[in-house]
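What the coordinates show
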Amino acid sequence: MNYKTILIILLIIIVTLIALTNALKTYEESDYILDEDTEEETENIELTTTTNTNNQINTNITTTQNKNITI
Amino acid sequence: MHIPDGFVSDPTQLVIYTIIYLILMAIILNKYRKNHTEKSIPILALFSAAILIIQLIEIPLPVPACVHISLITIMALYDLEASAIVYTIVTIAQAFLGEGGISTLGINLTNLAIIAPYIAYYTYQLFKKQDQNLALFLSGFATITLLGIIASIEYTIAGTYPLTFGLTVITPIEAVIGIIEGIITIIVMKALHQVKPELTPELNK
């Protein structure tokens, strides 16, 4: 391979890596998310919340039932 | 660079991209029919299978984005019209394998099956007089990087990300994949040229 070709490729690699470092910083500081699975995660969180709420309702019902029994 | 489901949600835009793809694909298919016989179909199947498998290998990056090499230059330099057909098959298969999206298939097909092979082919033609290896590298690198810029513009039109985010975050990530793509293009093209020179007609010129 021609030395000029190697030099140009190395130059492109260095510039790209500098751009990547800057991109990672910008990404960390930004509010945007690149992840495709974000929606699924949100759904999972919502489902967990619903389950927790149901558990709380169940606990409340049990407590009420217990109280009734006690009474 | 696949655009996943939900990242472009405007139905009008999705329909426009699909229409653009269908028109351009009809023109390319018409050209392909004129220049090829049924004998070239098995090679299309072979390339489709090979490229689909290679694209399933994801490259880990410190950013939660799905990236992989695509071998666009190798296919485009073998046959420009055939590459549009091969990337159509690959992109549709990938959409059903969970990479890219089904609703965004029109955009992904326009980007990967139409725009990308033409960028790869003409970048190689532009630089091949300087140095063949440099032309191969730049072809792979420019295709992936320019696809990042094109996707950034499409995201901006769709209102998903601002253009500055696309150009400062998405494009540099794509450029890193472009470097890997460029180096792999040189290695694979040289290896193919030694083993099966009929698969690298551009290097024989």
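Residues numbered from 1 in each chain as written. Chains lettered and ligands numbered in written order. Predicted model: local features only at pLDDT ≥ 70, side-chain atom pairs only at ≥ 80, totals over all residues. Heavy atoms only, no water.

Looking only at helices and strands, one finds two helices and zero strands in chain A. Within the span of chain A, comprising 71 residues, buried residues form 11% of the whole. (Helix = DSSP H or I, 4+ residues; strand = E, 2+ residues; numbered from the N terminus. Buried < 20%, exposed > 50% of the residue type's maximum accessible area, 1.4 Å probe, protein only.)

Let's shift gears to the pattern of salt bridges. Residue and element names in this part refer to chain B. Applying the stated criterion across every chain, the model contains two salt bridges over all chains. The salt bridge partner of glutamate 202 is lysine 128, with a shortest N-O separation of 3.9 Å. One end of the pair, glutamate 202, is in helix α8 (residues 201-204); the other, lysine 128, is in the loop between α5 (105-127) and α6 (132-158), with 74 residues separating them in the sequence. The buried category is assigned to glutamate 202, whose relative accessible area is 5%. Note on lysine 128: relative accessible area 30%, which makes it partly exposed. A salt bridge links glutamate 198 to lysine 196; the nearest nitrogen and oxygen atoms lie 3.4 Å apart. (Salt bridge = Lys/Arg side-chain N within 4 Å of Asp/Glu carboxyl O.)

How big an interface is tends to be stated in terms of accessible area lost as the parts join. Contacts between chain B and chain A engage 27 residues on the former and 20 residues on the latter. Inspection of the chain B/chain A interface yields one residue pair in polar contact (both at pLDDT 80 or more). Sorting the residues of the side of chain B that touches chain A by element identifies α6 and α7 (163-195) of chain B as the ones contributing at least two each. Of the residues forming the side of chain B that touches chain A, the biggest block, ten residues, is contributed by α7(B). Here the residues of the side of chain B that touches chain A sort into 22 nonpolar, four polar and one charged. (Contact = heavy atoms within 4.5 Å. Polar contact = N/O pair within 3.5 Å; in protein donor to acceptor, adjacent residues only side chain to side chain. Nonpolar A, V, L, I, M, F, W, Y, C, P; charged D, E, K, R; others polar.)

Attention now goes to the nonpolar core. Of all hydrophobic cores here, the largest spans 47 residues; its most connected members are B:Phe47, B:Ile51, B:Met75, B:Val86, B:Tyr87, B:Leu136 and B:Phe137. Of all the secondary-structure elements, those providing two or more residues to this core are α1 (3-29) of chain A together with α1 (11-35), α2 (41-55), α3 (72-78), α4 (80-96), α5, α6 and α7 of chain B. Element by element, the count of residues in this core is highest for α5(B), at nine residues. The residues touching B:Tyr87, leaving out its near neighbours within four places in the chain, are B:Ile51, B:Gln55, B:Ser70, B:Leu71, B:Ile72, B:Met75, B:Leu109, B:Leu112 and B:Ala113. Counting residues in hydrophobic clusters, the runner-up holds 21 residues, among them A:Leu20, B:Val67, B:Ala151 and B:Ile173. (Core = buried A, V, L, I, M, F, W, Y, C linked by side-chain atoms within 4.5 Å.)

Attention now moves to the packing of α4(B) against α5(B). Residue and element names in this part refer to chain B. Packing of α4 against α5 leaves a shortest axis separation of 9 Å and a crossing angle of 145°. As for how α4 packs across α5, the hand of that crossing is right-handed. Residues Leu80, Ser83, Ala84, Tyr87, Thr88, Thr91, Ile92 and Ala95 of α4 lie in contact with α5, whose contacting residues are Leu105, Asn108, Leu109, Leu112, Ala113, Pro117, Tyr118, Tyr121 and Tyr122. For the contact of α4 with α5, the per-class residue count stands at 13 nonpolar, four polar and no charged. (Axes fitted to C-alpha atoms, helices over the stretch in contact; angles between N-to-C directions. Left-handed = near helix turned anticlockwise from the far one by under 90°.)

Attention shifts here to α5(B). Compared with an ideal rise of 1.5 Å per residue, which puts 23 residues at 33 Å, α5(B) spans 32 Å between its outermost C-alpha atoms and is within 8% of the ideal. A large share of α5(B) lies buried, amounting to 17 of its 23 residues. (Expected span 1.5 Å × (residues − 1).)

For B:Leu71, which is not glycine, the phi dihedral falls at a positive 60°. Here B:Leu71 lies in the loop between α2 and α3.

Residues and elements named next belong to chain B. Relative to the helices and strands, alanine 50 is located in helix α2. A relative accessible area of 35% places alanine 50 in the partly exposed class. Separated by 90 residues in the primary sequence, alanine 50 and glycine 140 place their C-alpha atoms 17 Å from one another.

For the rest of this paragraph, the subject is the packing of α1(A) against α7(B). Here α1(A) crosses α7(B) at 145°, and the two axes come no closer than 8 Å. Between α1(A) and α7(B) the crossing geometry is left-handed. Of the residues in α7(B), those in contact with A:Ile9, A:Ile12, A:Ile13, A:Thr16, A:Ala19, A:Leu20, A:Ala23, A:Thr26 and A:Tyr27 of α1(A) are B:Phe165, B:Thr168, B:Val169, B:Pro172, B:Ile173, B:Ala175, B:Val176, B:Ile179 and B:Ile186. When its residues are assigned to classes, the contact of α1(A) with α7(B) shows 15 nonpolar, three polar and no charged.

All names here are of chain B. This model, assessed by the stated rule, comprises eleven aromatic pairs over all chains. A centroid spacing of 5.1 Å and a plane angle of 40° characterise the contact between phenylalanine 47 and tyrosine 78, whose relative ring orientation is tilted. Remark: tyrosine 78 occurs in helix α3 and phenylalanine 47 occurs in helix α2; sequence separation between them is 31 residues. Residues phenylalanine 47 and tyrosine 78 agree in their burial class; the two are buried. (Phe/Tyr/Trp six-rings, centres within 6.5 Å; stacked < 30°, edge-to-face > 60°.)

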